[in-house]
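The residues making up each chain are set out below.
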Amino acid sequence: GAVVSQHPSWVICKSGTSVKIECRSLDFQATTMFWYRQFPKQSLMLMATSNEGSKATYEQGVEKDKFLINHASLTLSTLTVTSAHPEDSSFYICSARGRGRGEQYFGPGTRLTVT
Amino acid sequence: AQKVTQAQTEISVVEKEDVTLDCVYETRDTTYYLFWYKQPPSGELVFLIRRNSFDEQNEISGRYSWNFQKSTSSFNFTITASQVVDSAVYFCALNAGGTSYGKLTFGQGTILTVHP
């Protein structure tokens with residue numbers, strides 16, 4: 001149990017375009033989802049926390065107008081990178097936590113390359 | 001503020017050697033959780049262990065063992081008789097309470113390479 005999927009697993013886009021990444025909890029209801037970013041050979045950095053039905057809370061230094069997060073249902077959160085630039089190229093990982101659970105379950109990640 | 005420090009950036013060992021990955025954390029919260037994750041080349045994080053701040057018992061799971069010492073704010077991870085498949089990046093992480101509840105703070109990661 002507790003499976004989290006991400007789609008797509010990798011994406012290449014041109015500079016200036018927008019990209020949407022989906023994060024789904026497949027067998028549980030995720031009341032909270034987290035989005036992380038990981039640059040090559042670096043650690044995971046939390047970008048934002050989203051609770052179902054609420055606006056996301058962004059970490060300091062993360063542009064909320066650039067990284068749009070929507071958590072419209074208990075099984076789906078989306079991250080949209082708007083007007084992507086090469087410096088946004090990174091590995092994006094989501095995690096999900098169910099109601100009353102302390103454990104976070106991680107998705108497999110999405111590798112974004114902006115050319 | 002929460003902080004996790006993994007002082008070892010890279011470790012290289014030969015198969016069958018034992019290896020210990022260090023993790024030191026900082027938090028003002030009295031209730032917190034500590035984690036270890038493995039990240040193989042595929043990128044997917046593999047959960048290894050979770051420990052809460054009130055349980056200082058050491059744990060062993062097969063070739064893996066963990067030493068949690070609150071007195072030194074450390075949560076070290078030992079792999080006994082390492083294997084090539086253990087090669088990966090290992091992250092220690094902290095989930096504290098208060099306003100940071102639910103958020104995971106990761107260490108910088110330790111790249112472990114096990115040579116045949």
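Residues numbered from 1 in each chain as written. Chains lettered and ligands numbered in written order. Predicted model: local features only at pLDDT ≥ 70, side-chain atom pairs only at ≥ 80, totals over all residues. Heavy atoms only, no water.

Visitor: Help me understand the state of the cysteines, please; the structure alone is not making it clear to me.
Guide: Two cysteines, two sulfur atoms, one covalent bond between them: this is a disulfide. Within this structure, the stated rule accounts for 2 disulfides over all chains. With its sulfur 1.9 Å from that of its partner, Cys23 of chain B forms a disulfide with Cys92 of chain B. Here Cys23 of chain B and Cys92 of chain B share a disulfide; its torsion about the S-S bond, -65 degrees, makes the bridge left-handed. Of the two residues, Cys23 of chain B is situated in the loop between strand S3 (19-21) and strand S4 (24-26) and Cys92 of chain B in strand S10 (residues 88-96); the sequence distance between them amounts to 69 residues. The pair Cys23 of chain B / Cys92 of chain B is uniform in exposure class, with both members buried. Here Cys13 of chain A is not cross-linked by a disulfide; its sulfur's nearest cysteine counterpart is in Cys94 of chain A, at 18 Å. (Disulfide = S-S within 2.5 Å. Helix = DSSP H or I, 4+ residues; strand = E, 2+ residues; numbered from the N terminus. Buried < 20%, exposed > 50% of the residue type's maximum accessible area, 1.4 Å probe, protein only.)

Visitor: Where do I start with the interface of chain B and chain A in this structure?
Guide: Where the parts come together, the accessible area they lose is often given as the size of the interface. Contacts between the two partners involve 18 residues from chain B, matched on the other side by 18 residues from chain A. Summing the contributions of chain B and of chain A, the shared interface buries around 1,400 Å²; its carbon and sulfur component is 51%. Counting the surface chain B buries against chain A, the share from its top three residues, Leu45, Lys103 and Phe106 of chain B, is 29%. With a closest N to O distance of 2.9 Å, Lys103 of chain B and Glu59 of chain A form a salt bridge. Elements with a minimum of two residues in the side of chain B that touches chain A: strand S5 (32-39), strand S6 (46-52), S10 and strand S11 (104-106) of chain B. Partitioning the side of chain B that touches chain A into residue classes produces 8 nonpolar, 7 polar and 3 charged. (Contact = heavy atoms within 4.5 Å. Buried area = accessible area lost by both parts, 1.4 Å probe. Salt bridge = Lys/Arg side-chain N within 4 Å of Asp/Glu carboxyl O. Nonpolar A, V, L, I, M, F, W, Y, C, P; charged D, E, K, R; others polar.)

Visitor: I tried to follow unusual backbone geometry on my own but got confused; where do I start?
Guide: Here His7 of chain A and Pro8 of chain A are connected by a cis peptide whose omega angle stands at 0 degrees. Topologically, Pro8 of chain A is positioned in the loop between strand S1 (4-7) and strand S2 (10-13). With phi around 60 degrees, Lys41 of chain A is a residue other than glycine that occupies positive phi space. Considering the arrangement of structural elements, one finds Lys41 of chain A in the loop between strand S4 (30-38) and strand S5 (44-51). Phi at Ser73 of chain B takes a positive value of approximately 50 degrees, unusual for a residue other than glycine. Of the residues examined, Ser73 of chain B reaches a relative accessible area of 23% and is grouped as partly exposed.

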